[in-house]
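Listed below are the residues making up each chain.
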Amino acid sequence: MGNPLFDRLFGRHIGKTSTFLILPDGSRLSHGRFLKLAARYAHALAELGLKAGDRVALQVEKSPNALAVYAACAQSGLVFLPLNTAYTAHEVDYFVSNSGAGLLIGDPEKAGNLSDVASRYGAKFLTMDESGNGSLAAKAAGKPEEFETVERTEDDLAAILYTSGTTGRSKGAMLSQRNLLSNAEVLCSEWRFDENDVLLHALPIFHTHGLFVGTNISLLAGGAMIFLPKLDVDALIKWMPTATTMMGVPTFYTRLLGDARFTKELTKSMRLFVSGSAPLLAETHRRFFDRTGHKILERYGMTETNMNTSNPYDGDRRPGTVGLPLPGVEVKVCDSEGNDLPRGEIGTLEVRGDNVFQGYWQMPEKTREELRENGFFITGDLAQQSEDGYVTIVGRAKDLVISGGFNIYPKEVEEALDTQDGVLESAVIGVPHPDLGEATVGIIVAKPGFTPDLDSIQLNLGNRLARFKQPRKLILIEALPRNTMGKVQKAALRETYKDLFA
Ligand code: MCA
Ligand code: AMP
């Protein structure tokens, strides 16, 4: 039976001396050595009593060691649950409690708060810093460098990734081995990845983009990754001549274009630039082409579905569109009942295929609301499909802001604002931002007779919400604009404040 995810992504590379990771100091880690590290971690996890199907939550800085925990989970049949490093202990508390994780691995600098979180829910706690050191490394030291792979099927869960919702708390998207493998295989082939590719990897590895798109494709192809801790334009410019491909959110491309050292000459070795996670302005696409001669390949996906559509590798990469449905992925533009609309009309995008997740962890009602019995997932994105099949995302039916590729659900921020001293109610909106695409603004109405202190509100939010979710600006107004039904008119607010960051 084997373990399809581990065998196909990792197992094939056991013992190989080919380069897997190129690190910022120029050192290299081979596939073989990486997998020995992963095997030692797998022994350490087994010693903790973790068994196939148990959840392992990880909130640590990006490093080869953090990635080796992903490989160790795959080899042990454990469900990998990566968390954004920006999340506060308050946010992590919810993920550990909701997922019933058996282990939380966290940064030693946050050990105080995080070990409290773990012990509150009976989870074990280990540490890992940005160099890979900590109590997990200590536990794994001296362990065998081979581990007997735990048998799994493609239907078994490989990962849970939390995604926020328009109402209430975050939902854990359950991704099976098949979900991840089928998508990695399609993308690897569509984007022509092979063992000669070197991916410039500066995305975080706690989201689909950097983990399942970037990393899984590289593993499947047997290529290498230049593994940078975060987006740093100097580092991208330094390493670009060593790379063949790069994946980024639109901010990667606007920041590169903002640097005069980024020239056509610098991109000579590159064969592909991929953008996703947020809309890439057609203007950015054109400016990038004018500067480098490369047409950025834009694709579209979600945590729940991995990638759904992509502009073609060969053929017309149309600026402002997210391309064509990927092989094996059905895409339709529908009315609210799920009935197909004629080509060219705007409606909600629904998708079906092996890429579509298994539902939300222990939330059957939420699953039923978004995943139809016929297998179509309601994305909440508004789209239009051209006669020849190209999909354009024209907006969102869901109240969501995407800032620098991170999703912010206004509802969660509004709930935090509404509990602040002197606040009667609030509305959080996204407005255009030259660097992040969109940035959030918190509009506040005071309780009669109160003058809320905006600085202390910002400070208080810091204990509760990850920094990227905190509004870039708070504004006090007399009353929120409402329609006759009493619903806050966010479109009117967005119009009023559209030039705030221009
Ligand atoms: C950092 N900050 C942000 C963001 N990132 N604020 C709003 N939005 C953000 N995205 C804040 C920090 O808290 C800090 O605040 C200040 O901005 C500078 O922080 P720094 O770490 O220096 O920021 P940066 O390194 O410049 O990061 C910006 C970034 C990064 C490069 C855009 O956020 C990033 O790598 N984003 C990629 C996200 C991603 O991978 N998304 C994929 C999701 P202060 O100065 O106040 O302390 S997967 C997905 O969406 C689907 C499935 C798909 O299709 O891929
Ligand atoms: P996430 O919750 O991180 O899975 O974010 C998924 C959402 O990101 C999608 O529902 C879209 O709204 C958005 N998204 C991803 N890729 C693109 C893209 N290329 N263009 C526009 N929106 C995108």
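Structure first, text after, so check above.
Described in the following lines is the structure provided in the data block. All of these numbers come straight from a predicted model, not from anything done at the bench. Numbering of residues starts from 1 in each chain and follows the order in which that chain's sequence is written. Following the order in which they are written, the chains are lettered starting with A and the ligands numbered starting with 1. Whole-chain, interface and lining totals are the exception, using all residues; otherwise, since this is a predicted model, local features are given only for residues with pLDDT of at least 70 and side-chain atom pairs are given and counted only at 80 or more. Water and hydrogen atoms play no part in the side-chain values, which are based on all heavy atoms of the structure.

### Details of the packing of aromatic side chains
Operational definition: Ring pairs shown here join Phe, Tyr and Trp side chains whose ring centres sit within 6.5 Å, with only the six-membered ring taken for Trp; geometry is labelled stacked below 30 degrees between planes, edge-to-face above 60, and tilted in between. Where helices and strands are cited, they refer to DSSP runs of H or I of at least four residues and of E of at least two residues respectively, numbered from the N terminus. Sitting over a ring, as applied to charges here, requires NZ of Lys or CZ of Arg to be within 6 Å of the ring centre and within 35 degrees of the ring normal.
Under the counting rule described, the total for this entry stands at 18 aromatic pairs. The interplanar angle of 80° and the centroid separation of 6.3 Å between the aromatic rings of Tyr94 and Tyr162 together place this pair among those described as edge-to-face. With Tyr94 in helix 4 (residues 89-99) and Tyr162 in strand 7 (residues 157-163), this pair connects stretches of sequence that are 68 residues apart. Within the aromatic cluster, the residues linked to one another by ring pairs are Tyr87, Tyr94, Phe95, Tyr162, Phe206, Phe406 and Phe468. Positioned above the aromatic ring of Phe289, the side-chain terminus of Lys295 is 5.3 Å from the ring centre. The ring of Tyr313 is capped by Arg317, whose NZ or CZ atom sits 5.4 Å from the centre of that ring.

### Looking at the site of ligand 2
Test applied: The rule for a residue being near a molecule or strand is that one of its heavy atoms must lie within 4 Å of it. N or O atoms within 3.5 Å of each other form a polar contact, as long as, within protein, one can give a hydrogen and the other can take it, and as long as residues adjacent in sequence are counted only when both atoms are side-chain atoms. Where accessible areas are quoted, they stem from the Shrake-Rupley method and a 1.4 Å probe; at the residue level, only the protein chains shown are allowed to cover. Charged residues are taken to be Asp, Glu, Lys and Arg, nonpolar residues to be Ala, Val, Leu, Ile, Met, Phe, Trp, Tyr, Cys and Pro, and polar residues to be all remaining types, Gly included.
The environment of ligand 2 is made up of 16 residues, and the closest members are Arg299, Thr303, Asp381, Lys398 and Asn407. Contact distances for ligand 2 include 2.6 Å between an oxygen atom and a side-chain N or O atom of Lys398. Bound to the protein, ligand 2 loses 92% of the 490 Å² it would expose on its own. The leading source of residues in the shell around ligand 2 is strand 13 (residues 297-302), at five residues. Its residues placed into classes, the shell around ligand 2 shows six nonpolar, five polar and five charged.

### Some words on the site of ligand 1
In the region of ligand 1, 24 residues are neighbours, and Arg255, Ser277, Arg299, Ser403 and Arg467 sit closest. Measuring from a nitrogen atom of ligand 1, one finds a side-chain N or O atom of Ser403 at 2.7 Å. The separation between an oxygen atom of ligand 1 and a polar side-chain atom of Arg467 is 2.4 Å. Notes on ligand 1: free accessible area 1000 Å², of which the protein chains cover 75%. Only helix 8 (208-221), helix 10 (250-257) and strand 13 provide two or more residues apiece to the shell around ligand 1. Top element by residues in the shell around ligand 1 is strand 13. It accounts for three residues.

### Overview of the environment of His433
Test applied: In this analysis, two residues are considered to be in contact whenever any of their non-hydrogen atoms come within 4.5 Å of each other.
Here His433 is to be found in strand 22 (residues 423-433). Between the C-alpha atoms of His433 and Asp499, which are 66 residues apart in sequence, the distance is 8.7 Å. Setting aside chain neighbours within four positions, we find His433 in contact with Glu438, Ala439 and Phe501. For His433, the side chain forms a polar contact with the main-chain nitrogen of Asp435, separated by 3.1 Å.

### As for the layout of surface pockets
Note the following rule: Cavity and pocket criteria rest on a 1 Å grid covering protein atoms alone: a 1.4 Å probe that fits but cannot get out defines a cavity, protein on both sides within 12 Å along at least 5 of 7 lines defines an open pocket, and an atom within 4 Å of a point defines a lining residue. Grid points are joined across faces, edges and corners, and a volume is the space filled by probe spheres set on the points.
Empty space within the second largest pocket amounts to approximately 410 Å³. Lining the second largest pocket are 22 residues, with Pro279, Leu281, His433, Gly437 and Glu438 positioned closest to its centre. Listing elements by their share of the lining of the second largest pocket, those giving two or more residues are helix 10, helix 11 (282-292), strand 22 and strand 23 (437-446). In terms of residue class, the lining of the second largest pocket is built from ten nonpolar, seven polar and five charged.

### Points about the sheet that holds strand 18 (residues 377-385)
Strand pairing within a sheet occurs via backbone hydrogen bonds; the two strands may be parallel or antiparallel. To be explicit about the condition: DSSP bridges decide pairing: two strands pair if at least two such bridges lie between them. Axis angles are defined between N-to-C directions and span 0 to 180 degrees, where every axis is a line fitted to C-alpha atoms and, for a helix, only to the segment in contact.
Read from one edge of the open sheet, four strands run 16-17-18-19, paired in antiparallel fashion. On the outer flanks of this sheet lie strand 16 (329-334) and strand 19 (391-396), each paired with one strand and no other. Sheet twist, expressed as the average angle between the axes of neighbouring strands with direction ignored, equals 50°. Relative to strand 17 (residues 347-353), strand 16 is paired through six bridges, and the arrangement is antiparallel. Directly across from Val331, in strand 17, lies its bridge partner Val351.

### A closer look at the packing of helix 13 (residues 410-418) against helix 14 (residues 454-464)
Applicable threshold: Angular relationships are summarised with four words: roughly parallel below 35 degrees, roughly antiparallel beyond 145, roughly perpendicular across 65 to 115, and oblique for the angles in between. A clockwise turn of the near helix away from the far one marks a right-handed crossing, whereas an anticlockwise turn of less than a right angle marks a left-handed crossing.
Look at helix 13 against helix 14: their axes get within 10 Å of each other, and the N-to-C directions meet at 125°. Here helix 14 runs oblique to helix 13, going by the angle between their axes. When the axes of helix 13 and helix 14 are compared, the crossing they make is right-handed. On helix 14, the residues touching Glu415, Ala416 and Leu417 of helix 13 are Ile457, Leu461 and Arg464.

### Looking at the packing of helix 10 against helix 11
Between helix 10 and helix 11, the shortest axis-to-axis distance is 10 Å and the interhelical angle comes to 45°. It follows that helix 10 is oblique to helix 11 by the angle criterion. The crossing of helix 10 and helix 11 is left-handed. Residues Tyr253, Thr254, Leu256 and Leu257 of helix 10 pack against Thr284, Arg287, Phe288 and Arg291 of helix 11.

### Thoughts on the pairing of strand 10 (residues 224-227)
Put simply, the rule is: Type-normalised accessible area, obtained with a 1.4 Å probe on protein chains alone, sets the label of each residue: buried when under 20%, exposed when over 50%, and partly exposed for intermediate values. With strands facing away from the observer, any crossover in which the path from the first strand over the helix to the second runs clockwise is taken as right-handed.
Here strand 10 shows no split at all, with Ala224 and Ile226 on one side and Met225 and Phe227 on the other all buried. Sheet topology note: the strand 1 (residues 19-22)/strand 10 ladder contains two bridges and is parallel. Within strand 10, the position partnered with Leu21 by the bridge is Met225. Sheet topology note: the strand 9 (residues 198-201)/strand 10 ladder contains four bridges and is parallel. Paired with Val198 across the bridge in strand 10 is Ala224. Between the parallel pair strand 9 and strand 10, the chain is carried across by helix 8, and the sense of this crossover is right-handed.

Everything listed here is a matter of coordinates, which is why it stays silent on function.
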